[in-house]
Amino acid sequence: MRPYARDNAPDRNAKPRPAALGDLALYVHWPFCVSKCPYCDFNSHVREGVDQAAWRAALLTDLAHEAAVLPGRKLQSIFFGGGTPSLMPPATVAAILDAAERAWGFAEGIEITLEANPSSVEAARFADLASAGVNRVSLGLQSLDDQALKFLGRAHDVNEGQAALATAQSVFPRVSFDLIYALPGQRLADWRAELARALSFGTEHLSLYQLTIEPGTRFATEALAGRIVIPDGDSAADLFEATRADTAATGLPAYETSNHARPGSESRHNLAYWRYQDYAGIGPGAHGRRGGLATVRRKKPENWLAAIERNGHGMEVEDPLTPSTRATEALLMGLRLAEGVDLDRITRLNAGVVPVDLAAVARLEDLGLVARSPGRLRVTEAGALLLDAILPEIVTA
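Residues numbered from 1 in each chain as written. Predicted model: local features only at pLDDT ≥ 70, side-chain atom pairs only at ≥ 80, totals over all residues. Heavy atoms only, no water.

**Q** Can you tell me about the pairing of strand 11 (residues 293-297), naming the residues and giving the values?
**A** Among the five residues of strand 11, four are classified as buried, and the element is accordingly described as predominantly covered. Looking at chain direction, strand 10 (residues 287-290) and strand 11 are connected through four bridges and run antiparallel. Considered in strand 11, the bridge of arginine 289 is made with alanine 294. Hairpin geometry of strand 10 and strand 11 is characterised by an intervening segment of two residues between the two adjacent antiparallel strands and by a positive phi of about 55° at glycine 291. When strand 11 meets strand 12 (residues 315-320), the two strands line up antiparallel, connected through five bridges. If you follow arginine 297 over to strand 12, its bridge partner there is methionine 315. (Buried < 20%, exposed > 50% of the residue type's maximum accessible area, 1.4 Å probe, protein only. Helix = DSSP H or I, 4+ residues; strand = E, 2+ residues; numbered from the N terminus. Pairing = 2+ DSSP bridges.)

Spelled out as C-alpha cells, the structure:
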C-alpha cells in the first residue's frame, strides 16, 4: 500500500456507509478504449498512444479548478468512468485520489468506484488499483454467452469474464457487474437462465440494461438496414418484468430502473445523481451539477487537453439552472428510484411551486401506477414498466 498524505486518512477499503444528504460526489472521465463497441454512444475514443504523464497532469489541473470553486465540502464518493478507466495507470488513479483528499477531504467510508473491462490484462491491475484506493469495481461483463459477446463487439469471452469477476471479488470489498439483455432473438427462458447464473455468483450489485439502438452507433446503421431487430414492446416488457421478479426473489431488488442490489449495497455515487445532490465532473465530456450550475467539459480529448493548457480547466459550458429546470431534473432522476422523490424538497427547488400535475398523479394513483405518502411520490412496481410514459404525464415544470 502506498503511504497516505495524513496519518489519520480514512481506510479506503472499508465498506462505505450510507451517504449524508449534501455531501459532494466526484466523477472522473477517462475517454480511451481499446476498441469501440457497436452499441456504445459514450464519449469513448480509440487512440494509438496516450501520453500518460500529460493526462495525469491535466486531470489534476481540472480537479484543482473544481476544488477552488467548491470549497468546504467533503467527498462521499468518487467514480472513475469512461471509456475504460481500468486502462489508467494505477499511479494516475492514486495521484487523483490524493489530490481529491487534500482538496476536499473524504467522508468516512467513502465509496471509490472504477469501471473495468474483464480482460485478463486489466484484471492483472486490480490489486494495484485497490492499493491506489479503489474499493468498488464495476465490471463490464455484458453477457454470459460467447455468441452474444461476439455480437456486442466485446474482446473477452465468458471464461475470461468469469475469471476477472473472481479476481475482482477477491480484491475489492464491493463489486458490481453489467449485463445487457433484450438482444435480437433472445428468448425469455434463455435470459432467465443467464440471469440465474449471474445471480449465483453472489455479487452484491447488478446493472441490467436492455439493449437500445443509439443514434450514431454502428448498431444504428445495422438497424436502419434491417440487419438488427431488437425484441418488440411486448417481448421487451416480459423480459423487464422477469428481470425484476427474479432479482427480487434472490435478494437483489431493483432500487432504480436498471440497477439491483442487496439492501445497503446500492451505488452510493449513482444515488447522488438520482437524488439530485451536487457532483463535480472532470475529464473530457464530464458533466457536473454544483451550486445551481450545470457544467460540461469539452468532449474531444485533444480539445479538452488544449483547454486545460489554455485556461487551467476543461470547461466548455457553465450555465445557471432555473428553479424550474432544477425541479424538473430532480423529478426525472428521482422517479427512477424505488424510493421515489421528496416532493417538499423539489418544491423548494422550484421556488415554492409544486412542479407536478396533481390531477394526473391522482389518476395514475387510481390505476396503481404511482403512490403518494406524506411529502413523497414514487412510481410503483406496476408503473416501473411504463416509466417513460408516466414522467411526461406528471412533470409540469
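**Q** Can you explain the pattern of salt bridges? Please cite residues and give values.
**A** Per the stated rule, a full pass over the model turns up 17 salt bridges. Arginine 290 serves as the salt-bridge partner of glutamate 66, at 2.8 Å between the closest nitrogen and oxygen. Here the residue glutamate 66 occupies a position in helix 1 (residues 52-69), and arginine 290 occupies one in strand 10, the gap between them amounting to 224 residues. The exposure class of arginine 290 is buried, given its relative accessible area of 5%. Of the charged contacts in the structure, one is a salt bridge between glutamate 256 and arginine 336, with a shortest N-O distance of 2.6 Å. On the criterion of sequence distance, the pair formed by glutamate 256 in strand 7 (residues 254-256) and arginine 336 in the loop between helix 12 (323-334) and strand 13 (341-342) is long-range, its members being 80 residues apart. The exposure class assigned to glutamate 256 is buried, which follows from its relative accessible area of 2%. If you follow the salt bridges from partner to partner, you end up with Asp62, Glu66, Arg290, Arg297 and Glu318 in one network. (Salt bridge = Lys/Arg side-chain N within 4 Å of Asp/Glu carboxyl O.)

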